[in-house]
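Chain by chain, the residues:
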Amino acid sequence: MEKLIVIVFDEESKARSGFEALRELDRDGEVSLFEARIAAKESNGNVRVIENPDRVDFPIVGAGSLVGMVVGVLGGPLGLLAGVASGALIGFIITLARAGITDAFVSDVSTALAPGKFGVVADISENDTAPLDTRIEKIGGVIFRRARSQVRQMHHDRDVAAHRAEMAQLKAERAQARAERLGKIDARLDQLGKKLERALLRERSHILLREEQRDARIRALKEKADQSQGEARHRHEARIAEFQRESEQNAGV
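Residues numbered from 1 in each chain as written. Predicted model: local features only at pLDDT ≥ 70, side-chain atom pairs only at ≥ 80, totals over all residues. Heavy atoms only, no water.

### Looking at the packing of aromatic side chains
Thought 1: Scanning the model with the defined rule gives one aromatic pair in all.
Thought 2: Ring centres of F34 and F243 lie 6.3 Å apart, and the angle between their planes is 85°; this geometry places the pair in the edge-to-face category. In this pair, F34 sits in strand β2 (residues 31-41) while F243 sits in helix α8 (residues 230-251), placing the two residues 209 residues apart along the sequence.
Thought 3: Looking at F34, the relative accessible area reads 0%, which means it is buried.
Thought 4: Judged by its relative accessible area of 4%, F243 falls in the buried class. (Phe/Tyr/Trp six-rings, centres within 6.5 Å; stacked < 30°, edge-to-face > 60°. Helix = DSSP H or I, 4+ residues; strand = E, 2+ residues; numbered from the N terminus. Buried < 20%, exposed > 50% of the residue type's maximum accessible area, 1.4 Å probe, protein only.)

Structure follows, in structure tokens:
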């Protein structure tokens, strides 16, 4: 299962040990690690990203990094996800919400990640929580998990459904309307038609992004499997099959 995790530690050395534990579990196939960052909560409430050990590189998984977004929001107001915003920030909020990252989750993590503490934020896939729990318990960290929403490729998002419902109502009214009302109704239908077109474009863009992220994860898992042997290879291959099944199910929606 795909998850976004945040592991909170009291010391930077422990956070680095937690980061290394994730890498080792990834090599063993116990988890599949797509991205991870170490962050520190400073006295003024800001979150500072710490360069990861050995300059570890991670594959780019789709356009934009969920881990980077979460690190950013942990340094901002707790109500950011529920607030009123515009422009790029709206897209930022929608991306987090679609991934299952709620304001409550951010609040819980932000409370634990008090000034002076350190966190490892990671994008992983795991089928059993015990291996990671056992390693982190020994180091002395607290894990927060959030299952990434497996958003099925719906035919319509809420905007699309709302626009179509209003257009259907207006068309019904038009059939009974007096001549002097037709111009206003037609103008409103034209306006809604343009909004519907934009909403459909947004929906299609989200589907394409989700497909890009899935394909990137499969490529990363195949690379991990090729570099592994025995049980570790089998675990990575099982996760590849899981992603492929999800892809097939979404294609049929």
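### Description of the side chain of S32
Thought 1: Mapped onto the elements, S32 comes out in strand β2.
Thought 2: Of the polar contacts made by the side chain of S32, one reaches the side chain of H236; its length is 3.1 Å.
Thought 3: The contact partners of S32, leaving out residues within four places of it in the chain, are D26, D123, I124, S125, L221, H236 and R239. (Polar contact = N/O pair within 3.5 Å; in protein donor to acceptor, adjacent residues only side chain to side chain. Contact = heavy atoms within 4.5 Å.)

### Some remarks on the environment of N46
Thought 1: Among the structural elements, N46 can be located in the loop between β2 and β3 (47-50).
Thought 2: Residues N46 and P115, spaced 69 residues apart in sequence, show a C-alpha to C-alpha distance of 8.5 Å.

### Description of the sheet that holds β3
Remark on secondary structure: sheet strands pair via backbone hydrogen bonds, oriented parallel or antiparallel.
Thought 1: Strand order in this open sheet of five strands is β3-β2-β4-β1-β5, and the pairing throughout is antiparallel. Two strands in the sheet have a free side with no partner beyond their single neighbour: β3 and β5 (142-147). Averaged over all pairs of adjacent strands, the angle between their axes in this sheet comes to 25°, without regard to strand direction.
Thought 2: Relative to β3, β2 is paired through four bridges, and the arrangement is antiparallel. Note on β3: the bridge partner recorded for K41 is V47.
Thought 3: Those strands touched by helix α1 (residues 12-28) are β1 (2-9), β2, β3 and β4 (118-126), and its axis lies near 170° from that of β2. (Pairing = 2+ DSSP bridges. Axes fitted to C-alpha atoms, helices over the stretch in contact; angles between N-to-C directions.)

### Remarks on the packing of α1 against helix α5 (residues 130-139)
Thought 1: Packing of α1 against α5 brings their axes to within 10 Å, and their N-to-C directions diverge by 155°. Comparing their axes, α5 and α1 come out roughly antiparallel. In this structure, the crossing between α1 and α5 has a hand that is right-handed. Facing α1, whose interface residues are K14, S17, G18, A21, L22, E24 and L25, α5 presents P131, L132, R135, I136 and I139. (Parallel < 35°, antiparallel > 145°, perpendicular 65-115°, else oblique. Left-handed = near helix turned anticlockwise from the far one by under 90°.)

### Details of the pattern of salt bridges
Thought 1: As enumerated under the stated definition, the model contains 21 salt bridges in all.
Thought 2: Put simply, K117 and D10 hold a salt bridge, and the shortest N to O gap is 3.5 Å. Highlighted residues: K117 in the loop between α4 (103-112) and β4 and D10 in the loop between β1 and α1, separated in sequence by 107 residues.
Thought 3: On the basis of relative accessibility, which here comes to 45%, the residue D10 falls in the partly exposed class.
Thought 4: In this structure, D215 and R214 form a salt bridge, with 2.8 Å as the shortest nitrogen-oxygen distance.
Thought 5: One network of salt bridges, in which partners are shared, links K3, E126, D133 and R145. (Salt bridge = Lys/Arg side-chain N within 4 Å of Asp/Glu carboxyl O.)

### Description of the confidence of the model for the protein chain
Do not read the predicted coordinates in detail wherever pLDDT is low.
Thought 1: Overall, the prediction assigns the protein chain a mean pLDDT of 79, with 77% of residues at 70 or greater.
Thought 2: Note that residues 77-90 has pLDDT below 50 and, in this model, 20 contacts with residues that lie over four places away or in other chains.
Thought 3: Confidence drops under pLDDT 50 across residues 150-156; counting only partners more than four residues distant or on other chains, this segment forms 21 contacts. (pLDDT = per-residue confidence, 0-100.)

### Remarks on the pairing of β4
Thought 1: Across the nine residues that make up β4, a large majority, nine, are buried.
Thought 2: Of the two faces of β4, both are covered, the one formed by F118, V120, A122, I124 and E126 as well as the one formed by G119, V121, D123 and S125.
Thought 3: Summarising the sheet, β1 and β4 pair through eight bridges and their orientation is antiparallel. Note that in β4 the partner of V8 across the bridge is G119.
Thought 4: Relative to β4, β2 runs antiparallel, the two being bridged by nine bridges.

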